[in-house]
Amino acid sequence: MTMLTKIGNSQGVRIPKPIIKQANLENAEIEFEITKNGLLLKPVKKTIRQNWEENIKDILLKNKNIKDEGLLEDFLDEELEEWEW
């Protein structure tokens, strides 16, 4: 149980850490929903592609000078040998 706490011109509620963790609210953007029984707090569901462009740029920057050691070249060589042109 807790009480509303004055925070500037607003009021807030302190949520115990175990409850935050259990409700998956750690470092989450919170959405408010008014219900007939009170107020529901829930994490905002992010779309899969949200921040996609930023994430790709970060990955490319982190791997800028790394040679691709993937198997694609070997795979293509083997597959192409089996084909009749």
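Check the entry above for the structure.
Described below are features of the structure shown in this document. Values in this document were obtained by computation on a predicted structure and should not be read as measured data. Residues take numbers from 1 onward in each chain, read along the sequence in its written order. The model is predicted, so local features are restricted to residues of pLDDT at least 70 and side-chain atom pairs to those at 80 or more, both for listing and for counting; the totals for chains, interfaces and linings are taken over all residues. Remark: hydrogens and water are excluded; side-chain values derive from all non-hydrogen atoms of the structure.

### Some remarks on the overall build of the protein chain
At step 1: On a plain count of helices and strands, the protein chain comes out with three helices and four strands.
At step 2: Buried residues in the protein chain amount to 2% of all 85 residues.
At step 3: We call two residues in contact when some of their heavy atoms are within 4.5 Å. In the protein chain, of all internal contacts separated by at least 6 residues, the share reaching a separation of at least 24 is 3%.
At step 4: As displayed, the protein chain offers around 9200 Å² of accessible surface, 55% of which is attributable to carbon and sulfur atoms. The numbering of helices and of strands both runs from the N terminus, where a helix is a DSSP run of H or I of at least 4 residues and a strand a run of E of at least 2. When accessible area is computed with a 1.4 Å probe and restricted to protein chains, residues below 20% of their type maximum are described as buried, those above 50% as exposed, and intermediate ones as partly exposed. Note on areas: these come from Shrake-Rupley sampling with a 1.4 Å probe, and a residue is covered only by the protein chains present in the view.

### Considerations on the pattern of salt bridges
Two side chains that carry opposite charge are able to pair once their charged atoms sit near each other.
At step 1: By definition here, a salt bridge exists when the distance from a side-chain nitrogen of Lys or Arg to a carboxyl oxygen of Asp or Glu is within 4 Å. Per the counting criterion, the structure on display carries two salt bridges.
At step 2: Between Lys42 and Glu33 there is a salt bridge whose closest N-O contact spans 2.7 Å.
At step 3: Overall, Lys42 belongs to the partly exposed group, its relative accessible area being 29%.
At step 4: For the salt bridge of Glu53 with Lys57, the shortest nitrogen-to-oxygen distance reads 3.3 Å. One end of the pair, Glu53, and the other, Lys57, are both in helix α2 (residues 52–62), four residues apart, so they sit about a helical turn from each other. Grouping residues by exposure puts Glu53 and Lys57 together as exposed.

### Points about the pairing of strand β4 (residues 38–43)
At step 1: Only strands that DSSP links by at least two bridges are regarded as paired with each other. Two elements, strand β3 (residues 30–35) and β4, share six bridges in a ladder whose sense is antiparallel. Paired with Phe32 across the strands is Leu41, a residue of β4.

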